[in-house]
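# Topology and contacts: notes
What follows is the residue order along each chain.
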Amino acid sequence: MRKTGARLEEIEQLYRTRYQHFVQVARAVVGDEATAHDAVQDGFSQAIRKRGSYRADGPLEAWLWRAVVNAAVSFRRRKGTFDPFEVAPALASDDRPAADEEIRAWIAALPERQRLAVFLRYYADLDYRAIATALGVETGTVSATLNAAHEALRRSITEPEEVSP
Amino acid sequence: MTGYEETIRSVLAGTVPLPAGAGRDWGDVLSRTAASKRTVHTRRLVYAVSLAAAIAVVLAVTPLGAMIARGFGDFSGWLSGSAGHPASSTAQRAFAQEKRRSWVYRLSWPRFPKTPTLRSLITVTRVGVHYELVGYRVGDSFCLRLVASVAATSTHSPDTSCAPRSDLVAGTTPVLPLNVDAPIPVGSERRWRYVFVKGASVTFGITSDGVAAVHARTQSRVLNGIVESDSFLIINPRAAAGERIRSITAGDAFGDEVAIPFFDPVSHWKTRPPKGPSRVERPVEHVRIGWIARREPRGVAVPLSRFRYRQQSLRDRKTFARLLTPVQGGPEQVMVTLNRGGDLCVSLVLSRNLGTGCTPFKLLSAHSPGPLQWGESSDGSQYATISGLADDDVARITLFLGTGERVAVPLKDNAFVIKASRMKFPVRVVAYDRDGRVIGIDAMADLRSRPENIKPVKGATWRPLFHVRSPAGETSTLSVARSSVARSTAGGLCWRVTPVRPTTPFVLGHGSPPFCLDRYWYAYQPPISLLLDVVGKSTFVYGPVPPYIARVAFHLANGKIVSATPRRGYVLMATVAPTKAQPRPVRMIVGFDKNGKEVGTEDLREWVSPDVLARQMRAK
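Residues numbered from 1 in each chain as written. Chains lettered and ligands numbered in written order. Predicted model: local features only at pLDDT ≥ 70, side-chain atom pairs only at ≥ 80, totals over all residues. Heavy atoms only, no water.

### Quick word on the overall build of chain B
Looking only at helices and strands, one finds eleven helices and 38 strands in chain B. Every one of the 620 residues in chain B was classed for burial, and the buried ones make up 49%. Within chain B, contacts between residues separated by at least 24 positions form 59% of all contacts whose residues are at least 6 apart in sequence. For chain B, the exposed area adds up to about 28700 Å²; of that, 53% sits on carbon and sulfur atoms. (Helix = DSSP H or I, 4+ residues; strand = E, 2+ residues; numbered from the N terminus. Buried < 20%, exposed > 50% of the residue type's maximum accessible area, 1.4 Å probe, protein only. Contact = heavy atoms within 4.5 Å. Areas by Shrake-Rupley, 256 points an atom, 1.4 Å probe, with all protein chains shown as cover.)

Structural data, given as structure tokens:
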């Protein structure tokens, strides 16, 4: 497929408008905001160096998400074994109802790929195709991943109600 | 949007609010980019000089450096145990039950540090076949296990392949294929009066953290692999007969691709000679394994009742059986047994018995075949497990890989086991005594080549390569003909030798009927491994030699050295037959490459002619 490359200004534009989204999604991978910031900076730095290899067969934003997700995963791996519950404090909030706490715990406990898919879909507002590009998987896999996540959420919310009087 | 989606969106929006742009620093991104181009990280200027030098050396010199530089990351996901996610309790239970069914496993399992925990990696269904790839670690081995279920009732026996930790740490390639083109039978169809097995084929392995895509190319198509959980799975759901993977590539997140080396038994045949010593410095006169002779209780006892169902006769009844673990905590074990008939049998055990080889223990001592009794078992298609027993005189064993690397082989209770990548074949196993002298050499035998399945083409024209006459007057002709083989192994030759006595036109010898080789035969054979035939008053030495052998020298008992130049990869030499006074007419055969460098020897100082050997065995 023909390589078209990405323009530096386009990358900068997306960085400036979506920086916080990138950081918060990276935070869902690495657990803390400082490392997430580092991951975003490194992800964009990699993307700039490799911008010549960007192929215009998908949105540039999805390609950048992939760079950031990859950088975040690398940072997390360098930290060693990952405890998914490490993310829970990042999602914590004092003024939310109990049901929301359950959902946060549920998101924190998801396997990494599912958690990323959930963040990219419902926090970064990416469509399935862009998520697939960002995660390096097929669109069908994204669909299946999110369906599995919904199913897990449905169970986690409804099961306690079934046993209550 | 469903209610769940809305709920998730609202929770995420509420709990991770967007700050007002704090931390955003485009200048920092640009400086990191520039710094990265100079291979110096601006934020760590304090280490700049030394770190830059170290990074530059790593990037320039090592494959690992090249891999990191290309953005493929490393295998830390596997090494830290975080690849994939815990497998379902059902899969874990099934794994445990399957292991418990193996009595060998039951005996040895308690010796492992802990029960392996399965990690679920890839689960997918393709064309009616459900594939489940899981991973686990045992000792210093990282294993992948693929279970393919054609239907709810039909499950293909799992393919398990392991890679040693050292290969992940070395990280010379971002993808480690463990099994390539493993067949999965998915049914059969009847055409006319033949039944054809329809099959899928699968290729799977371990990937480094930064691998985003893996593709494979066969003769006729490109196969896109599934990359998940630091592993990949390539499925060829309708593999045609003879279709096989010719190349594998891996891509990173930025679309950069690299070719992945893998062992292909057809195209990967090597003409490089084995490395390491080629000459024994001190031949071992009598092979001795004292603790087995004394029946010492080393390792783990194997209840003799376990062998009852296999015992064909009183002679085969086991009298002694022990399970040895050369590598503490490792999955590979060596089982040694003795039977009433006096056979010493050695097996490699890797959760199940992977094949046994037996030698009469007395004959082992009497005829000193060398200090190593060993074998090789396939572990997937990419790794081989080399194991066996060594003589008491062996103080250490070194594995010389075809790449020039040397690996110390773990040795305990005379048993040894080591895993080697087939990419690094041919290998040479060298045993040293306490004084550092070479007392045994063995090269990897070929278990993949099956010459018996290859025949000469119909109506083949036999072209004579050599016609020799011995001092006793007998003649012999070595001829070759094209072989009729499957397309994938084309290029082999068949050969036959027709020794003729001068008095009668009677033809005999090993070469008749024809013996056929395929092209990759040379990849495994020792450089010099010729056949000797005694015909009447003559001895004929003949056979194939690898293409890198330019000259063969035969050291005769009378002190003379006779040289032969291979023709089309074969040699034939004639000399006198063994006599009582001189039982070994040929003492040594030495192969030289085109530069005159010695690249292989065959020591025949202990050779016993078949007639004499048969007489000795009858006497015992």
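### Structural notes on the overall build of chain A
Assigned secondary structure in chain A consists of eight helices and zero strands. Starting at the N terminus and ending at the C terminus, chain A contains elements arranged as α-α-α-α-α-α-α-α. Looking at chain A as a whole, 55% of its 165 residues are labelled buried. Taking contacts inside chain A between residues at least 6 apart in sequence as the whole, the part at least 24 apart equals 68%. Accessible surface, chain A as shown: approximately 7200 Å² in total, 50% of it carbon and sulfur.

### Things to note about the sheet that holds strand 33 (residues 538-544) of chain B
All names here are of chain B. Ordered in space as 32-33-36, the three strands form an open sheet in which the pairing is antiparallel. Strand pairing shows two members of the sheet lacking a second neighbour, strand 32 (531-535) and strand 36 (570-576), which therefore form its edges. On average, each strand axis in the sheet is tilted by 20° relative to the strand beside it, whichever way the strands run. Across five bridges, strand 32 lies against strand 33 in antiparallel orientation. In the sheet register, Leu-531 faces strand 33, and the bridge partner there is Tyr-542. (Pairing = 2+ DSSP bridges. Axes fitted to C-alpha atoms, helices over the stretch in contact; angles between N-to-C directions.)

### Regarding the packing of aromatic side chains
Counted according to the given criterion, the structure contains seven aromatic pairs over all chains. With a centroid separation of 5.1 Å and an interplanar angle of 50°, the aromatic rings of Tyr15(A) and Trp26(B) are classed as tilted. Here Trp26(B) lies in helix 2 (residues 26-37) and Tyr15(A) lies in helix 1 (residues 8-30), a pairing that spans two chains. On the accessibility criterion, Tyr15(A) (0% relative accessible area) is buried. Overall, the relative accessible area of 6% leaves Trp26(B) in the buried class. (Phe/Tyr/Trp six-rings, centres within 6.5 Å; stacked < 30°, edge-to-face > 60°.)

### Description of the pairing of strand 8 (residues 211-218) of chain B
Residue and element names in this part refer to chain B. In this sheet, strand 12 (residues 245-252) lies alongside strand 8 in antiparallel orientation, the contact comprising seven bridges. In the strand pairing of strand 12, Val-211 is matched with Asp-252. In the sheet, strand 8 pairs with strand 9 (residues 222-224) via three bridges, with the strands oriented antiparallel. Directly across from His-215, in strand 9, lies its bridge partner Asn-224. Linking strand 8 back to strand 9 in an antiparallel pair, the connection comprises three residues.

### Some points on the confidence of the model for chain B
Residue and element names in this part refer to chain B. Overall, the predicted model of chain B reaches an average pLDDT of 73, with 65% of residues at or above 70. Mean pLDDT values over the elements of chain B span from 44, in helix 3 (residues 48-61), up to 94, in strand 34 (residues 551-556). Taken as a whole, residues 39-66 scores under 50 in pLDDT and shows 22 contacts with residues more than four places along the chain or in a different chain. Residue range residues 365-369 is modelled with pLDDT below 50. Its contacts to residues more than four positions away, or to other chains, number 15 contacts. Our summary of model confidence lists the complex with pTM equal to 0.56 and ipTM equal to 0.78. (pLDDT = per-residue confidence, 0-100.)

### What to know about the sheet that holds strand 37 (residues 586-592) of chain B
Residues and elements named next belong to chain B. In space, the four strands of this open sheet follow the order 35-34-37-38, with antiparallel pairing throughout. Looking at strand neighbours, the two that pair on one side only are strand 35 (561-564) and strand 38 (598-603), the edges of this open sheet. This sheet shows a mean twist of 20° between the axes of neighbouring strands, independent of strand direction. Of the pairings in the sheet, the one linking strand 34 to strand 35 comprises four bridges and is antiparallel in character. If you follow Ala-553 over to strand 35, its bridge partner there is Ser-563.

### Remarks on unusual backbone geometry
Residues and elements named next belong to chain B. If you check the backbone angles, Asp-181 has positive phi at about 60° while not being a glycine. Assignment of secondary structure puts Asp-181 in strand 6 (residues 175-191). Asp-181 sits in the partly exposed class, given a relative accessible area of 23%. Phi angles above zero are rare outside glycine, and Asn-414 is one such case at about 70°.

### A closer look at the nonpolar core
Core analysis: the biggest nonpolar cluster contains 59 residues, and Val40(A), Phe44(A), Leu64(A), Trp106(A) and Leu120(A) have the highest contact counts within it. Beyond its immediate chain neighbours, meaning those up to four positions away, Leu64(A) contacts Ile11(A), Leu14(A), Phe22(A), Phe44(A) and Ala47(A). (Core = buried A, V, L, I, M, F, W, Y, C linked by side-chain atoms within 4.5 Å.)

### Re the packing of helix 6 (residues 112-122) of chain A against helix 7 (residues 128-135) of chain A
All names here are of chain A. For the pair helix 6 and helix 7, interaxial distance at closest approach is 10 Å and the crossing angle is 140°. As judged from the angle between their axes, helix 6 and helix 7 are oblique. Helix 6 and helix 7 meet at a crossing whose hand is right-handed. Taken together, the residues of helix 7 that come into contact with helix 6 (itself represented by Arg-113, Leu-116, Ala-117, Leu-120 and Arg-121) are Tyr-128, Ile-131, Ala-134 and Leu-135. (Parallel < 35°, antiparallel > 145°, perpendicular 65-115°, else oblique. Left-handed = near helix turned anticlockwise from the far one by under 90°.)

### Side note on the pairing of strand 36 of chain B
All names here are of chain B. Extensive coverage of strand 36 is indicated by the burial of six of its seven residues. Where strand 33 lies against strand 36, seven bridges are found, and the strand directions are antiparallel. Across the sheet, Ser-538 pairs through a bridge with Val-576, a residue of strand 36.

### A look at the packing of helix 1 of chain A against helix 6 of chain A
How two helices pack is summed up by the angle between their axes together with the distance between the axes. All names here are of chain A. The geometry of helix 1 relative to helix 6 is characterised by a closest axis approach of 10 Å and an angle of 165° between their N-to-C directions. When the axes of helix 1 and helix 6 are compared, the pair comes out roughly antiparallel. When the axes of helix 1 and helix 6 are compared, the crossing they make is right-handed. For the pair helix 1 and helix 6, the contacting residues are Gln-24, Val-25, Ala-28 and Val-29 in the first and Glu-112, Arg-115, Leu-116, Phe-119 and Leu-120 in the second. For the contact of helix 1 with helix 6, the class distribution of residues is six nonpolar, one polar and two charged. (Nonpolar A, V, L, I, M, F, W, Y, C, P; charged D, E, K, R; others polar.)

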